[in-house]
Number of protein chains: 2
Amino acid sequence: MFRRTSTLARTALLAAAVVIIPVTALGAAAAPQQGAAADGAGPAGSAGTRTVQDSGQSGDPNTGERARDVVFAVHGGAGTLRREDMSPELEREYRAKLTEAVRTGQRALARGKSSTAAVEAAITVLEDSPLFNAGKGAVFTTDAENELDASIMDGATLDTGAVTGVTHIRNPISLAREMMDNSRHVLMSGEGAERFAQHRGIDLVTQDYFFTERRWESLMAAKGGESDFDFGETGTVGAVAIDDDGDLAAGTSTGGLTNKPVGRVGDSPIVGAGTYAKNGNIAASATGTGELFIREAVTHTISAQVEYLGRSVSRAAGAAIDKTEALGGNDTGGVIALDSRRNLAFTFNTSGMYRGYATADGEIVVKIFADE
Amino acid sequence: MFRRTSTLARTALLAAAVVIIPVTALGAAAAPQQGAAADGAGPAGSAGTRTVQDSGQSGDPNTGERARDVVFAVHGGAGTLRREDMSPELEREYRAKLTEAVRTGQRALARGKSSTAAVEAAITVLEDSPLFNAGKGAVFTTDAENELDASIMDGATLDTGAVTGVTHIRNPISLAREMMDNSRHVLMSGEGAERFAQHRGIDLVTQDYFFTERRWESLMAAKGGESDFDFGETGTVGAVAIDDDGDLAAGTSTGGLTNKPVGRVGDSPIVGAGTYAKNGNIAASATGTGELFIREAVTHTISAQVEYLGRSVSRAAGAAIDKTEALGGNDTGGVIALDSRRNLAFTFNTSGMYRGYATADGEIVVKIFADE
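Description of the structure in this document. (Residues numbered from 1 in each chain as written. Chains lettered and ligands numbered in written order. Predicted model: local features only at pLDDT ≥ 70, side-chain atom pairs only at ≥ 80, totals over all residues. Heavy atoms only, no water.)

The subject of this paragraph is the side chain of Glu178(B). As for its placement among the helices and strands, Glu178(B) is situated in helix α4 (residues 172–182). Those residues in contact with Glu178(B) that lie beyond four places of it in its chain are Ser183(B), Phe196(B), Arg200(B) and Ile202(B). (Helix = DSSP H or I, 4+ residues; strand = E, 2+ residues; numbered from the N terminus. Contact = heavy atoms within 4.5 Å.)

Right under this line is the structure:
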């Protein structure tokens, strides 16, 4: 674990907030149609999901991969990912970090930790990397801050904790876990969530911790070029796990969308949308155009289809992503879902999803593009 | 419509926020078990729901009422409601306001307004009344502010808008509607949501608008007597409607829990938990211990059981409330749910729920206690 870079008193934070901001400069989320701004948006039928055994192929319309005997899996976001846009070195960095995250989760399970602990540990690895849009690598809001969302759920108890709009929390997934374990509440936002963090002895970090040149340039590009932000952004992270007791767990963490309006909440902190876990059923974490995933309650839909329709986890995951397509067009995102018999589904309708998994016998597989 | 009482500039609000607050004074939500603090909390089996035709009886375990040919319904919260605790005058006031809200929704539909417009209009009536825990009558947080949550959903499009933690919005349901109609986002929190409101020309009100002696006394009692707040509190409001086009809609609005920590989010603004609407399926609005309703995705569960299991809306509503009981014990709350064939279910496991409905032929029925 890294040490926290800096701490500060609550009072300093409040004082720092006193800046006179013309409302009109904040681009407050006005656009005629929600969800319609996704890449290549347009009406799309709810076409079937092609599923291949443990070897994804270019998705048309969706890429659906399955793997068996999986105990742990992560994603690092779904979106427009093309080989030609990524240097070999950067690609290696992504694969290495995904591998590290999967191994972290797998080892936690091997040491007898709970699935919830394994999910938290792996997501912390991804949050601490600047490569992903969560924690350290979070994107900037239109007000040039980093507002983070996260949630975690324990399938054994249906306990959950989630935070939204936190701006001084290094590892939002750990704050979500703290809320699950030590609060009667399940979802807290903004300053209230940070007060809870302080109450529990979690140090705050200043906003400069989250500064990365890459994300700043993305913000400048969004403000300079298009008036819009990009709903097709990648980098939300998530994990699912099953431990030796058969307990399922899932978690998700994100910085949201570059140039998003202040206070915008996506699906990542919403139980039933971005994250769901229920023993004997499924654990799932989603990534994509959060607005659509909220409207279709994507992870709860997968849970309900498996429970009520007896569908396989991969078929249910495909159906849930199809629902988001029907609302919002192509490239809406993806989901990872693990059932209680250790069947894993990766389903996404984008050209890539950072992803990886570990099997019970220790094999680790990491992929990025749809066609690998 | 009343006129707004006062407006103020954003900058004044920000300046007013600069008060040095010792974190320890804010009682930041630390308690060992979430959900376990509901009245009479304890493990409870998932017993069946008794359903009676259009005449509720004392619930054991749940009160499930049905009504046919319903086009509009409201609730004003479920909780511990006993005749002996309520003066005849106050009871008359509640019945009169519920009747006004139902009539408002019914008349909107009769004038050809959409189900979404009818839901908004009726909830506005309840928000403007000090009787209910929403808008004007909202309860106080532990920091003696009023933080409001609301959501609305159009079953025809699955469009939705929701706000959480707004402190200067007179009618949060109207801001939720504004977000649904004029933002690509579906959920915004706190200051960001209020910036969106200003961007859309909605005036802000100062916190004193929400001051009521009754709610202040509740806060003082919570701080003086028990260290806890009361999860069994009543007063969240909601509505469901179906219009002549067969379009379903639902909405929910609340002030949350007396003495709640700053930033706590319950189920009311969460699509799939507090509110859900989908054409050909159901429209539902929930009220109760929000943490449990989030964990069980109560309104989406009703939708999924009707769609995937072919259950009646009343059976699905009973099953969803039973799920919250299994997690959190008795008195977890209730839900109103209307299906596309105009069957209405009121289901609750408390001693009362403020509720009312209108049939297609104009009959209006209003009830409070479980045994009427």
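Moving on from the model shown.
A separate point is helix α9 (residues 313–328) of chain B. All names here are of chain B. With 16 residues, α9 extends 23 Å from end C-alpha to end C-alpha; this agrees with the ideal 22 Å at 1.5 Å per step. Counting buried residues along α9, 13 of its 16 residues qualify, which places the element largely inside the surrounding structure. The first or second residue beyond α9 is glycine 329, which carries a positive phi of 85 degrees. (Expected span 1.5 Å × (residues − 1). Buried < 20%, exposed > 50% of the residue type's maximum accessible area, 1.4 Å probe, protein only.)

Turning our eyes to something else, we now look at the sheet that holds strand β3 (residues 70–79) of chain B. All names here are of chain B. Taken in spatial order, the eight strands make up an open sheet running β6-β5-β4-β8-β7-β3-β13-β14, and their pairing is mixed. In the strand order of this sheet, the two ends are held by β6 (187–189) and β14 (364–369), each with one partner. With direction set aside, neighbouring strand axes in the sheet form an average angle of 5 degrees. As defined by bridge partners, strand β4 (residues 148–154) adjoins strand β5 (residues 159–166) across six bridges and the pair is classed as antiparallel. Each residue of the ladder has a partner; that of methionine 153, found in β5, is threonine 160. Packed on one face of the sheet, helix α2 (residues 88–110) meets β3, β7 (237–242), β13 (352–359) and β14 and runs near 145 degrees to β14. (Pairing = 2+ DSSP bridges. Axes fitted to C-alpha atoms, helices over the stretch in contact; angles between N-to-C directions.)

Quick look at the sheet that holds strand β5 (residues 159–166) of chain A now. Adjacent strands of a sheet pair through backbone hydrogen bonds, lying either parallel or antiparallel. All names here are of chain A. Judged by pairing direction, the sheet is mixed, and its eight strands sit side by side in the order β6-β5-β4-β8-β7-β3-β13-β14 without closing on themselves. The strands lining the two open edges of the sheet, one partner per strand, are β6 (187–189) and β14 (364–369). With strand direction ignored, the average angle separating the axes of adjacent strands in the sheet is 5 degrees. Where strand β4 (residues 148–154) meets strand β8 (residues 248–254), six bridges bridge the pair, whose relative direction is antiparallel. Paired with methionine 153 across the two strands is alanine 250, which belongs to β8. Running at roughly 145 degrees to β14, helix α2 (residues 88–110) makes contact with β3 (70–79), β7 (237–242), β13 (352–359) and β14 of the sheet. In the packing of helix α5 (residues 190–199) onto the sheet, contacts are made with β5 and β6, and the angle to β6 comes to roughly 110 degrees.

Let us look at helix α6 (residues 213–224) of chain A. All names here are of chain A. Spanning twelve residues, α6 covers 16 Å between terminal C-alpha atoms, matching the ideal 16 Å at 1.5 Å per step. Taken residue by residue, α6 has Arg215, Leu219 and Ala222 as its buried positions. Around the axis of α6, the buried residues are gathered within 65 degrees of arc, so they sit on the same side. (Arc of directions from axis to C-beta.)

Backbone geometry places Asp331(A), a non-glycine residue, at a positive phi of 60 degrees. Structurally, Asp331(A) can be placed in the loop between α9 (313–328) and β11 (333–339). The phi angle at Ala297(B) is positive, at roughly 40 degrees, despite the residue not being glycine. Structurally, Ala297(B) can be placed in the loop between α7 (290–295) and α8 (298–309).

The subject of this paragraph is the pairing of β3(B). Residues and elements named next belong to chain B. Of all ten residues in β3, ten are buried; the element is thus mostly enclosed. Bridge count for β3 against β13 is seven bridges, and the pairing is antiparallel. Bridging across to β13, alanine 73 finds its partner in tyrosine 357. As judged from the four bridges shared by β3 and β7, these two strands associate in the antiparallel manner. When the bridges of β7 are listed, valine 74 appears paired with alanine 239.

Turning to the packing of α2(B) against helix α3 (residues 115–127) of chain B, a few remarks are in order. Residue and element names in this part refer to chain B. For the pair α2 and α3, interaxial distance at closest approach is 8 Å and the crossing angle is 160 degrees. Between α2 and α3, the angle falls in the class roughly antiparallel. The interaxial crossing formed by α2 with α3 has right-handed handedness. Note on element contacts: α3 touches α2 through Ser115, Ala118, Ala121, Ala122, Val125 and Leu126, opposite Lys97, Glu100, Ala101, Thr104, Gly105, Ala108 and Leu109. (Parallel < 35°, antiparallel > 145°, perpendicular 65-115°, else oblique. Left-handed = near helix turned anticlockwise from the far one by under 90°.)

The analysis is restricted to geometry; functional conclusions fall outside its scope.
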